[in-house]
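# Structural description and commentary
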Amino acid sequence: MGKPVFRCMGKKHSPRFLATVEQSRAVIQECDIDQFSAMLSDGEDIVVIDVRERHEYDAGCFEGALHLSKGVIERDIEKHPISEDARIVLYCGGGFRSAIAAESLTRMGYTNVYSLWGGWRSLVAVGLACIYNCIQGSKALRKAKLSRYYISPANTVVSGARRSEPPLRWQT
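The rules we used
Residues numbered from 1 in each chain as written. Predicted model: local features only at pLDDT ≥ 70, side-chain atom pairs only at ≥ 80, totals over all residues. Heavy atoms only, no water. Helix = DSSP H or I, 4+ residues; strand = E, 2+ residues; numbered from the N terminus. Buried < 20%, exposed > 50% of the residue type's maximum accessible area, 1.4 Å probe, protein only. Contact = heavy atoms within 4.5 Å. Areas by Shrake-Rupley, 256 points an atom, 1.4 Å probe, with all protein chains shown as cover. Salt bridge = Lys/Arg side-chain N within 4 Å of Asp/Glu carboxyl O. Pairing = 2+ DSSP bridges.

Our next topic: the overall build of the chain. The number of helices and strands found in the chain is 7 helices and 8 strands. Classification of the 172 residues of the chain by burial places 49% in the buried group. Excluding contacts between residues fewer than 6 apart, the proportion of contacts in the chain whose partners are at least 24 apart in sequence is 67%. Surface exposure of the chain reaches about 8900 Å², of which carbon and sulfur atoms provide 51%.

Structure, rendered in structure tokens:
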């Protein structure tokens, strides 16, 4: 089965941008929302990174996501203790910017990077762990250590101490 085509996305993009995205998608790993949901409940650690711009992130984000916008991810990812073999899922608005960022991280030596096809729109559509108006929490998130951004095997967001109940709606 091939990768989804562009016509399912909401915005109209330039042909050169779409060609760049297509080149990236040809060499990266992607997951759709169903595969991402399965990753969240498979017992393995996962690092979720929002590569959208700050104003997009502040308007709403996946709970527990680390914010590293596409423009700075290569520069700033090594400021966080993310191992090269960590399972990393990147998302943007629809899957285009995250595909380009995933290719870049792969070139940097990260070996288990995925781009979420459908991105934020797919997270919202299925009601997956979305929190809105992250502006108040974003300052605290930026100052926190990376352990705050890992999704634990027990389907709980690790935030210092492990929560006893899954706070997210994607429980199985």
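A word on the pattern of salt bridges. All chains considered together, the criterion is met by 8 salt bridges. As a salt-bridge pair, Arg-87 and Asp-42 come within 2.7 Å of each other at their nearest N and O atoms. In this pair, Arg-87 is assigned in the loop between helix H4 (73-76) and strand S5 (88-91) and Asp-42 in the loop between helix H2 (33-40) and strand S2 (46-50), connecting sequence segments 45 residues apart. Among the residues examined, Arg-87 registers a relative accessible area of 12% and is labelled buried.

Burial analysis of S2 places 5 of its 5 residues in the buried class, which makes it a mostly covered element. Judged by which residues are buried, S2 turns out to be covered on both faces: Ile-46, Val-48 and Asp-50 on one side and Val-47 and Ile-49 on the other are all buried. With 4 bridges connecting them, S2 and S5 associate as parallel partners. Bridge pairing links Ile-49 to Leu-90 in S5.

Burial along strand S6 (residues 113-116) is two-sided: the face carrying Val-113 and Ser-115 and the face carrying Tyr-114 and Leu-116 are both buried. Two elements, strand S1 (residues 29-31) and S6, share 3 bridges in a ladder whose sense is parallel. Its bridge partner lying in S6, Glu-30 is registered against Ser-115. Bridging between S5 and S6 involves 3 bridges; their strand directions are parallel.

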